[in-house]
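Notes for the structure review
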Amino acid sequence: PVLTVTLACLGIWFVNAFSVVWVFASIPVLFIRLPLVTAYAVSTASIIVVLNTLFFRHDLDAITLARLALAGGMIIITLGVFFQILAKINSELKETTALLSGTLQSIAQGGCVIDKDNRYKLFNMQTCDLLNLPPSLLASKPTLPEVVQYQIDRGDFRDLDGVAPEARAYIFSLGVNVDEHVKRNYVRKDTNGRYIEVQTHPMPSGDVVRTYADVSQYE
């Protein structure tokens, strides 16, 4: 970014006065790529260089220089305020994300989010433990049919007596021909003899939150 604005300033000296547009166009790059304080300093310095170059090299009048200084100052202030607000929002978002992630990983239940395309987008380690799935499988963001097929291939559903009748259609269709936007829950018995309650919670965004709980003692 510093090289970009330097070349733009040189353009004013070696090309013509209209190259000042290059400098103004380069200022946003400074705020995107550099820390805020550094971007303020470099952009302000570049405007000062531009005004001096236009005065000594191209002999521009004071009114034109004042207008260019005002335009450059407004660009710097506007971008500075915008990126200050953006930095604050990003900081709050990171803090909230870290809090939610910590909460998700600390609860006893398994939990995951499946998007509108039936693809896993978020999960906690309890999900892997309760479903006996390798974390690498869910970390690869597979589709729901791929996960169900994985479970079928290793024999999770050989004994359908341990699966609630309302869940069998879901298994046979690999989770595809089931309306995920209907809140429901069912219980199934896994190969380790545990009873796992599966609850589906549709969200307004079209995503689905699915929770898993070991209800063996209750059963």
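Structure: above.
Residues numbered from 1 in each chain as written. Predicted model: local features only at pLDDT ≥ 70, side-chain atom pairs only at ≥ 80, totals over all residues. Heavy atoms only, no water.

Assigned secondary structure in the chain consists of 8 helices and 5 strands. Listing every helix and strand of the chain by position from the N terminus yields α-α-α-α-β-β-α-α-α-α-β-β-β. Considering only intrachain contacts with a sequence separation of at least 6, the fraction spanning at least 24 residues in the chain is 43%. Just so you have it, the chain exposes about 13000 Å², and 63% of that area is on carbon and sulfur atoms. (Helix = DSSP H or I, 4+ residues; strand = E, 2+ residues; numbered from the N terminus. Contact = heavy atoms within 4.5 Å. Areas by Shrake-Rupley, 256 points an atom, 1.4 Å probe, with all protein chains shown as cover.)

Here we come to the pattern of salt bridges. Per the counting criterion, the structure on display carries 2 salt bridges. The partner of Lys121 in a salt bridge is Asp207, and the shortest N-O contact between them spans 3.1 Å. Within this pair, whereas Lys121 is found in strand β2 (residues 120–123), its partner Asp207 is found in the loop between β4 (195–202) and β5 (208–214), the two being separated by 86 residues in sequence. As a salt-bridge pair, Arg194 and Asp190 come within 3.0 Å of each other at their nearest N and O atoms. (Salt bridge = Lys/Arg side-chain N within 4 Å of Asp/Glu carboxyl O.)

Here we take up the pairing of β5. Of all 7 residues that make up β5, 5 are buried, and the element is covered over most of its length. Sheet topology note: the strand β1 (residues 110–114)/β5 ladder contains 5 bridges and is antiparallel. Residue pairing for β5: Gly111 is matched across the bridge by Thr211. Relative to β5, β4 runs antiparallel, the two being bridged by 7 bridges. When the bridges of β5 are listed, Pro202 appears paired with Val208. Where β4 folds back onto β5 in an antiparallel hairpin, the turn is made up of 5 residues, including Gly206, whose phi is positive at roughly 100°. (Buried < 20%, exposed > 50% of the residue type's maximum accessible area, 1.4 Å probe, protein only. Pairing = 2+ DSSP bridges.)

This part takes up the state of the cysteines. Evaluated as defined, the whole model comprises 0 disulfides. No disulfide involves Cys128; its sulfur sits 9.5 Å from that of Cys112, the nearest cysteine. (Disulfide = S-S within 2.5 Å.)

Two elements in contact, helix α2 (residues 20–33) and helix α3 (residues 36–58), have axes whose closest approach is 9 Å; the angle formed by their N-to-C orientations is 170°. With respect to each other, α2 and α3 are oriented roughly antiparallel. Contact residues: α2 offers Val20, Val23, Phe24, Ile27, Leu30 and Phe31, while α3 offers Leu36, Ala39, Tyr40, Val42, Ser43, Ser46, Ile47, Val50 and Leu54. Tallied by class, residues from the contact of α2 with α3 come to 13 nonpolar, 2 polar and no charged. (Axes fitted to C-alpha atoms, helices over the stretch in contact; angles between N-to-C directions. Parallel < 35°, antiparallel > 145°, perpendicular 65-115°, else oblique. Nonpolar A, V, L, I, M, F, W, Y, C, P; charged D, E, K, R; others polar.)

The contact between α3 and helix α4 (residues 62–106) brings their axes to 10 Å, and the two run at 170°. If you check the angle between α3 and α4, you find them roughly antiparallel. Every residue of α4 that contacts α3 at Leu36, Tyr40, Ser43, Thr44, Ile47, Leu51, Leu54 and Phe55 is listed here: Leu65, Leu68, Ala69, Gly72, Ile76, Ile77, Gly80, Val81, Phe83 and Gln84. Grouping the constituent residues of the contact of α3 with α4 by class yields 13 nonpolar, 5 polar and no charged.

A surface patch of nonpolar side chains, amounting to about 860 Å² of accessible area, comprises Leu3, Leu7, Leu10, Trp13, Phe14, Val15, Val21 and Trp22. At the level of elements, α1 (2–14) and α2 are the ones that each hand at least two residues to the nonpolar patch. Per-element tally for the nonpolar patch: the top contributor is α1, with 5 residues. Position of Leu10 relative to the elements: it lies in helix α1. Residue Leu10 is classed as partly exposed on the basis of its relative accessible area of 41%. (Patch = residues over 30% accessible without salt bridge, like charges linked within 9 Å, V, L, I, M, F, W, Y side chains within 5 Å.)

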